[in-house]
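# Fold and geometry: a report
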Amino acid sequence: MIPPSMSSIPLSQPDIGRSEIDAVIDVLNTPTLSIGPKIEEFEHACAKIAGRRHGIGVSSGTAGLHAAMVAAGIKPGDEVITTPFSFVASANCILYVGAKPVFSDIDPQTLNLDPDKAAAAITPRTKAIVAVEAFGNPAGMIEIEQVAQKNELILIEDACEGFGGLFASRPVGSFGRAAVFGFYPNKQITTGEGGMIVTDDDSFAILCRSLRNQGRDGMNWLSHARLGYNYRLCEINAAIGIAQIARLDEILANRRRVAHQYMQRLMINRYLILPTLLDDTHMSWFVFVVRLNDLFEPGDRDTILRELRAEGIGCGNYFPPIHLQPYMEQLLGHKIGDMPVCEYVAARTLALPFFSQMTSSQVDRVCDVLEKVLDRTLISRKGRF
Ligand SMILES: Cc1ncc(COP(=O)(O)O)c(C=O)c1O
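First, a word on scope: everything that follows refers to the structure included in this document. Quantities reported herein were computed from a predicted structural model and do not represent experimental measurements. Within every chain, residues take consecutive numbers counted from 1 along the sequence as written. Selection of residues for local features in this predicted model requires a pLDDT of at least 70, selection of side-chain atom pairs for listing and counting requires 80 or more, and totals for whole chains, interfaces and linings are taken over all residues. Water and hydrogen atoms play no part in the side-chain values, which are based on all heavy atoms of the structure.

## Some details on empty space enclosed by the protein
Grid points spaced at 1 Å over the protein atoms alone were grouped into cavities, where a 1.4 Å probe fits but cannot get out, and pockets, open sets with protein on both sides within 12 Å along at least five of seven lines, with lining residues defined by an atom within 4 Å of a point. Grid points are joined across faces, edges and corners, and a volume is the space filled by probe spheres set on the points. In total, this model carries three cavities of 30 Å³ or more according to the counting rule given. In this structure, the largest cavity occupies an estimated 180 Å³ of space. Looking at the largest cavity, it is lined by 18 residues, and the ones nearest its centre are L111, F135, P275, T276 and V289. With four residues, strand 12 (residues 288-292) is the largest single contributor of residues to the lining of the largest cavity. Numbering of helices and strands runs from the N terminus, with a helix taken as a DSSP run of H or I at least four residues long and a strand as a DSSP run of E at least two residues long.

## Structural notes on the site of the ligand
Distances are taken per atom, and a residue is near a molecule or strand as soon as one of its heavy atoms is within 4 Å of it. Residues in contact with the ligand amount to 13 residues; listed here are only the nearest, G61, T62, D158, E161 and K187. Polar contact is the term for a pair of N or O atoms within 3.5 Å; when the atoms are in protein, one must be able to donate a hydrogen and the other to accept it, and sequence-neighboring residues count only if both atoms are side-chain atoms. The contact in question runs from a nitrogen atom of the ligand to an N or O atom on the side chain of D158, over 2.7 Å. Looking at which element gives the most residues to the shell around the ligand, the answer is helix 3 (residues 61-71), with three residues.

## Remarks on the packing of helix 3 against helix 7 (residues 202-212)
Between two packed helices, the angle of one axis relative to the other and the distance separating the axes together describe the packing. Fitting a line to C-alpha atoms yields each axis, with helices limited to the stretch in contact; the angle taken between N-to-C directions then spans 0 to 180 degrees. Relative to each other, helix 3 and helix 7 sit at 125°, their axes nearing to 9 Å. Relative to helix 7, the element helix 3 is oriented oblique. Here the hand of the crossing between helix 3 and helix 7 comes out right-handed. Residues A67, A68, V70 and A71 of helix 3 form the contact with helix 7, whose participating residues are F204, L207, C208 and L211. Taken together, the residues that form the contact of helix 3 with helix 7 break down as eight nonpolar, no polar and no charged. Orientation labels follow simple angle bins: below 35 degrees gives roughly parallel, above 145 gives roughly antiparallel, 65 to 115 gives roughly perpendicular, and whatever is left gives oblique. Each helix crossing is assigned a hand: it is left-handed if the near helix lies turned anticlockwise from the far helix by less than a right angle, otherwise right-handed if that turn is clockwise. Contact definition: two residues touch when any of their heavy atoms are within 4.5 Å. Charged residues are taken to be Asp, Glu, Lys and Arg, nonpolar residues to be Ala, Val, Leu, Ile, Met, Phe, Trp, Tyr, Cys and Pro, and polar residues to be all remaining types, Gly included.

## Side note on the sheet that holds strand 6 (residues 166-167)
Pairing between two strands is assigned when DSSP locates at least 2 bridges connecting them. With antiparallel pairing, the three strands of this open sheet are ordered in space as 7-6-11. Looking at which strands have only one partner, the edges of the open sheet turn out to be strand 7 (170-171) and strand 11 (281-282). Relative to strand 7, strand 6 runs antiparallel, the two sharing two bridges. Residue pairing for strand 7: L166 is matched across the bridge by P171.

## A few points about the nonpolar core
Definition of nonpolar core: a set of buried residues of the types Ala, Val, Leu, Ile, Met, Phe, Trp, Tyr and Cys, connected through side-chain atoms within 4.5 Å. Working definition: with a 1.4 Å probe on protein chains only, accessible area under 20% of the residue-type maximum means buried, over 50% means exposed, and in between means partly exposed. Residues Y262, L266, F288, L308 and L352 are the most contacted members of the largest nonpolar core, which totals 33 residues. When residues of this core are traced back to their parent elements, those giving at least two are helix 9 (248-266), strand 12, helix 10 (300-310), strand 13 (349-352) and helix 13 (360-384). Not counting chain neighbours up to four residues away, the residues in contact with L308 comprise I313, C315, L350, L352, V369, L370 and V373. Counting residues in each nonpolar core, the second largest holds 30 residues, with I56, A68, V180 and Y231 among its members.

## A word on the environment of G51
Considering the arrangement of structural elements, one finds G51 in the loop between helix 2 (37-50) and strand 1 (54-58). With 119 residues separating them in the primary sequence, G51 and R170 have C-alpha atoms 8.1 Å apart. With residues near it in sequence (within four places) discarded, G51 still touches P171 and D200.

Dropping the structure here:
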């Protein structure tokens, strides 16, 4: 039971202020609610942040990944290498175009695709790699880019969790043929729902623009050059995105502050493994995920999540392995043990409350409760032996 004096702390919360609300009202006072100046402005701003020439606004990160797969020419019979440790959309986009997701295990430190294992998974049918920055951490992306280049594969960067981050002075979103950002409300910046494809490739950008707008090619509204989709981002969403980008430095500084406080407080905890950041990494901090060490058994993580929730602490089991999701098991015949590193990590990770407006006393309270619950879990297990 949550003590009445303590309000619960959500897992995530969007950072919406007066400027976002005003921006929405301004758009509503115009006759242009879709395909107008706001999306163009938002596209330019996102492309600039990713160091790319083009931005193509779409209705979600998932829509962006699907359009990118189509634009990359991925077809039935093709194989696309991807990580099992992600949100399902990064693998679903491969299925949407009838291709086969080939899961390749992760690096236990970066939690991203292990470049050597990804290289070993290449077959004559492999056409592309969808690489994800798990929890926004771009570590390993340069090595994956090299694997793609060496083997003439198309690299699509699923950057849905990494907006505003940098690795070795390269912005998240600057790797491979194209990258896709997501702007769901738990992300660094949000548009409510929304996403953005960014690329330097002119023809890829033209194709994505057509795909997101029902396959239209030019000015004639009822002429469709190809099979397309309605993946447009409306002016209202785009206006929220512009207002969020105007506050990006402030939002990211706050996320760094919260992450730093968690790090300082939990680095001395002997039961937890904290996020590993390579030297050259500037995280934009999507979530704060900790890992239980070997003193715990896999089932303990879910007990801990239940107990945290019972005390009003929002938390999540980011991420269950994608290859073991019921529909993926059915489709691809995967079983426990196929991706041992991912499965080991996924059984021990837990996402703690994390958002830019989180106060220092909220972080302290999460850590107090977490420490208590970790102790209690280990003590109760000792009692069972
Ligand atoms: C790695 C990753 N890829 C894709 C997506 C899909 O983005 P959206 O929810 O905007 O469709 C998400 C969203 O959570 C994600 O985390």
